[in-house]
Amino acid sequence: MATKTSVIVCPGGGYGALAKDHEGDQIARWLNSLGISAYMLQYRIAPRYHHPAPMMDVQRAIRFVRAHAADYGIAPDRIGIWGFSAGGHLASTAGTHFDAGDPHSADPIERAGSRPDFMILAYPVISFTTPYTHRGSLRNLLGDNPDPKLVASLSNETQVTAQTPPAFLFHTNEDTGVPPENSVLFYLALRKAGVPAEIHIYERGPHGVGLAPTDAVLATWPARLKDWLDIRGLLK
């Protein structure tokens, strides 16, 4: 049953690769099983590309899906973003760096707003200014000697406002690649801004598990996400 909800999926890979199977194709199929339209974003990555290329790609993707909502049979106000690891940083960037579109643009896609209506962040890279920073993602996105102001502006826990969309966060306590403090910092910022949010941190499990189909305990996390989508009316 089609829900008119759609999600743009951003695979992880440290801004230097794209994990298009377990953080892309498998995710799209899971969303389809719920009646949700899914679009996997092949955003530009290092070494050839750096900021702002990935951010431009995710903003353009949201505008594109929104501008074509009628063609795709989806609602223009039910477009979510789901990111894993560095893709989670990109998704949180979309949720904290957006605009309402340019009404005067000759391009109808650029007239659409780039704000996602909800975010799903799975073991996301969030902070670039704390000890919990994933250095590989930071280097691939911004290079070796980035402007500190740019680093701060892309440390997304500092960019949350009341206009940031609602979020669901998933992480594991054992994640040594991207420490769970990234999710915690973002969740606390959402709480402070009054933005609806839900967070699940499982005790066990490494970084990069995707839907974790082979782990009996971790495999329950997508059901928690389904519940969240349901209570937000996104499965109706």
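Remember, it's a predicted structure, so these values are computed and weren't measured experimentally. For every chain, the first residue of the written sequence is number 1, and numbering continues from 1 along that sequence. In keeping with the predicted nature of the model, local features appear solely for residues at pLDDT of at least 70, side-chain atom pairs appear and are counted solely at 80 or more, and the whole-chain, interface and lining totals rest on all residues. Each side-chain value is worked out from all heavy atoms of the structure, with water and hydrogens disregarded.

(A) Inspection of the pattern of salt bridges at higher detail. One speaks of a salt bridge when a side-chain nitrogen belonging to Lys or Arg is within 4 Å of a carboxyl oxygen belonging to Asp or Glu. A full pass over the atoms with the stated rule returns 9 salt bridges. Across the pair Glu-110 and Arg-63 runs a salt bridge whose closest N-O atoms are separated by 3.6 Å. On the criterion of sequence distance, the pair formed by Glu-110 in the loop between helix H4 (86-96) and strand S4 (118-122) and Arg-63 in helix H2 (residues 53-67) is long-range, its members being 47 residues apart. Accessibility here uses a 1.4 Å probe with only protein chains present; expressed as a share of the type maximum, an area under 20% marks a residue as buried, one over 50% as exposed, and anything in between as partly exposed. Overall, the relative accessible area of 27% leaves Glu-110 in the partly exposed class. For Asp-227, the salt bridge identified is with Arg-224, shortest N-O distance 3.4 Å. With Asp-227 and Arg-224 both in helix H8 (residues 221-231) and 3 residues apart, the pair spans about one turn of that helix. Of the residues examined, Asp-227 reaches a relative accessible area of 39% and is grouped as partly exposed. For Arg-224, a relative accessible area of 29% puts it in the partly exposed group. Linked through salt bridges whose partners overlap, the residues forming this network are Arg-60, Arg-63, Asp-99, Asp-107 and Glu-110. By definition, any uninterrupted DSSP run of H or I lasting at least four residues is a helix, any uninterrupted run of E lasting at least two residues is a strand, and each is numbered from the N terminus.

(B) Up close: the nonpolar core. Grouping buried Ala, Val, Leu, Ile, Met, Phe, Trp, Tyr and Cys residues that are joined through side-chain atoms within 4.5 Å yields what is termed a nonpolar core. Core analysis: the biggest nonpolar cluster contains 37 residues, and Ile-8, Leu-41, Tyr-43, Val-58, Ile-81, Phe-128 and Phe-186 have the highest contact counts within it. The set of elements that each furnish at least two residues to this core consists of strand S1 (6-10), H2, strand S3 (79-84), H4, S4, helix H5 (135-142), strand S5 (167-172) and helix H7 (181-193). It only takes one pair of heavy atoms within 4.5 Å for two residues to be counted as in contact. Sequence-distant contacts of Ile-8, that is, excluding residues within four places in its chain, are made with Tyr-39, Leu-41, Ala-61, Ile-62, Val-65, Ile-79, Gly-80, Ile-81 and Trp-82. With 26 residues, the next largest nonpolar core counts Val-7, Ile-27, Phe-84 and Leu-235 among its residues.

(C) Region of the structure containing the sheet that holds strand S2 (residues 37-40). Note on pairing: two strands pair once DSSP finds at least 2 bridges between them. One open sheet holds the 6 strands; their spatial order is S2-S1-S3-S4-S5-S6, and the pairing between them is parallel. Whereas interior strands pair on both sides, the edge strands pair on one side only; in this sheet they are S2 and strand S6 (197-202). Adjacent strand axes in the sheet meet at a mean angle of 15°, parallel and antiparallel pairs treated alike. Pairing analysis gives 4 bridges linking S1 to S2, with the strands arranged parallel. Pairing of Val-7 across the sheet is with Ala-38, part of S2. Here the axes come from fitting lines to C-alpha atoms, over the contacting stretch only for helices, and the angles between their N-to-C directions go from 0 to 180 degrees. Of the strands in this sheet, S1, S2 and S3 touch H2, which is tilted by about 160° from S1.

(D) Focus on the environment of Gly-16. With respect to the element layout, Gly-16 can be found in the loop between S1 and helix H1 (21-33). With 145 residues separating them in the primary sequence, Gly-16 and Thr-161 have C-alpha atoms 29 Å apart. Those residues within four positions of Gly-16 in sequence are excluded, and the remaining contacts are Ile-45, Ala-46 and Asn-140.

(E) Expanded view of H4. Buried residues dominate H4, accounting for 11 of its 11 residues. Those residues of H4 lying buried are Ala-86, Gly-87, Gly-88, His-89, Leu-90, Ala-91, Ser-92, Thr-93, Ala-94, Gly-95 and Thr-96. On the buried face of H4, the contacting elements are S1, H2, S3, S4, H5 and H7.

(F) Structural view of the environment of Ile-120. Residue placement: Ile-120 occurs in strand S4. Between the C-alpha atom of Ile-120 and that of Gly-35, which follows or precedes it by 85 residues, the distance is 17 Å. Look past the residues within four positions of Ile-120 in its chain and what remains in contact with it is Ile-81, Trp-82, Gly-83, Phe-168, Leu-225 and Trp-228.

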